[in-house]
Amino acid sequence: MSTDFKDKMNGWALLPLVVFICIFLGAGIITKDFTFMPLNVAAIIGVIMALLMNRKENFAHKVEVFAKSAGHPNIILMMFIFILAGAFSKTAEKMGGVESIVNFGLSMIPQNLLIVGLFIICMFVSISMGTSVGTVAAIAPVGFGLSQATDIPAALAMATVVGGAMFGDNLSMISDTTIAAVRTQRTQMADKFKVNFRIVLPGAMITIIILWVLTLGNHVNHGQSYDYNFIKIIPYLLVLILALIGINVVLVLLGGILLSGIIGIADGSFNLAGFLKAASEGIVGMEDIAIIALLIGGMIGLVEHNGGINWLLHKVKSKIKSRRGAEFGIASLVSVADISTANNTISIIMSGPLAKDIADEYEIDRRKSASILDIFGSAWQGFIPYSPQLIAAAGVAGISPVMLVPYSIYPVMLALCGIVAIIFNLPRLKSK
């Protein structure tokens, strides 16, 4: 272990993150209302505590560290996707697109397969787009519309969107997490995909069965009509098609916004002023989520700067004694990093080099170590209530992210598949 790494280890640096989580979840548990403590207020409290720690450093320098971390390209891109998603969601809604696509789904798909269909659509969209945040942004309005037109709980619909999004984020060839896992473990993209897919496929199939059972008694709410205008569904089809062929998520959402505006103006749903107003309302509606992402990103930067993340990684590595323990150690490394940062890409980048050292020392196949990194990073990302994916999905439905956690079926299945693969040494791999 390098001297710099040792010098940058401090367990107390994690205190702001612990306080942030405890305040947010604790207030909800005590009051039985998880909207009682706004997530942005809890995040600001955590940021203030992080800034007040490490008195040996100049306060202005700590503010600079916060600003640089909050302004990380991943954070800024995430914020941009959020506001574009808000604009697309609102313009499509004002144009009548949500109602049309929901009614189209109700008229074409058996009622007890609606939520299953939503999960499968999200799986394909996310594996094509390579981004779970982008998938949630594009598909969450449809999921919420389905919940409003049926007796499916909004939390179940939103959690299903997140679950499908995490499936693709974990496997997609163009996903940041896949690229990070493959590069840090020095293996091939296709090799990692084959191993990863064999591990997680049972979890996806079990999730589909559970969703089908949960919605067996689903029925359409009284007073709902199946009327739809196919032209108003086209923006969603455009988003889906562009995603499937691998177009950048920013271009996908911009295309959806533009086409929604053209259709809405052409059929009189709104005029130019109405289109601009709808886009503005959508952007404003996602500003809170974007600010939360910025605050959490800056706070995590301060925690890492003060040595909290290094301390966590060292503690995990020190417990490893066997090959199976080494695989669980890699899973633990990326898990604690993701729980700490709420960003699976960053958590893989942080824990990847240490994971490779462990894999080499205990002769773990690099395809397996890359898969473990990606699986457990994605699993926690779809489960922790302060992840951008859950916050974005909950924001669309106007509910607390905590309400999605009990319905986070696929992320739990994903983690269980990873655990089973480690315990029983699956899949059995031939040496490359």
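Treat the numbers as computed from the prediction; the structure is a model and nothing was measured.

Cut-offs applied
Residues numbered from 1 in each chain as written. Predicted model: local features only at pLDDT ≥ 70, side-chain atom pairs only at ≥ 80, totals over all residues. Heavy atoms only, no water. Helix = DSSP H or I, 4+ residues; strand = E, 2+ residues; numbered from the N terminus. Rg over C-alpha atoms; globule rule 2.2 N^0.38 Å. Buried < 20%, exposed > 50% of the residue type's maximum accessible area, 1.4 Å probe, protein only. Contact = heavy atoms within 4.5 Å. Areas by Shrake-Rupley, 256 points an atom, 1.4 Å probe, with all protein chains shown as cover. Lys, Arg positive; Asp, Glu negative; His and termini not counted. Charge placed at Lys NZ, Arg CZ, Asp CG, Glu CD. pLDDT = per-residue confidence, 0-100. Polar contact = N/O pair within 3.5 Å; in protein donor to acceptor, adjacent residues only side chain to side chain. Core = buried A, V, L, I, M, F, W, Y, C linked by side-chain atoms within 4.5 Å.

Caption draft 1: Structural context of the overall build of the protein chain. Summing up its helical and strand segments, the protein chain has 20 helices and zero strands in all. Taken over C-alpha atoms, the radius of gyration comes to 22 Å for the protein chain, in line with the 22 Å a tight globule of 432 residues would show. Taking the principal axes of the C-alpha coordinates as reference, the protein chain spans close to 65 × 55 × 40 Å. A burial count over the protein chain gives 55% of its 432 residues as buried. For the protein chain, the share of sequence-separated contacts (at least 6 apart) that also reach a separation of at least 24 residues comes to 80%. Here the protein chain displays about 18,400 Å² of accessible surface, and carbon together with sulfur accounts for 66% of that area. Charge centroids of the protein chain, computed over 29 positive and 25 negative side chains, lie 10 Å from each other.

Caption draft 2: Structural context of unusual backbone geometry. Cis geometry is found at the peptide bond from Leu-426 to Pro-427, where omega equals -15 degrees. Positionally, Pro-427 belongs in the segment after α20 (409–423). Unusually for a residue other than glycine, Arg-186 sits at a positive phi of about 55 degrees. Mapped onto the fold, Arg-186 is located in the loop between α10 (176–185) and α11 (189–214). In this structure, Asn-425 is a non-glycine residue whose phi angle is positive, near 55 degrees. With respect to the helices, strands and loops of the structure, Asn-425 is situated in the segment after α20.

Caption draft 3: Quick look at the confidence of the model for the protein chain. Confidence in the prediction of the protein chain, expressed as mean pLDDT, is 85, and 94% of residues score 70 or more. Looking at the elements of the protein chain, mean pLDDT is at its lowest for helix α1 (residues 3–7), recorded as 49, and at its highest for α20, recorded as 96.

Caption draft 4: Structural view of the side chain of Ser-100. By the element assignment, Ser-100 lies in helix α6 (residues 97–108). What makes Ser-100 buried here is its relative accessible area of 5%. In this structure the side chain of Ser-100 is engaged in a polar contact, spanning 3.2 Å, whose partner is the backbone nitrogen of Asn-229. When sequence neighbours within four positions are dropped, the list of residues in contact with Ser-100 reads Tyr-228, Asn-229, Lys-232 and Ile-233.

Caption draft 5: Expanded view of the nonpolar core. In this structure, Phe-20, Phe-82 and Leu-404 are the most contacted members of the largest nonpolar core, which totals 132 residues. Broken down by element, this core gets its largest block of residues, 13 residues, from helix α14 (residues 272–305). If near-sequence neighbours (up to four positions away) are discounted, Leu-404 is found in contact with Ala-155, Met-158, Ala-159, Val-162, Leu-390, Ala-393, Ala-394 and Ile-399.

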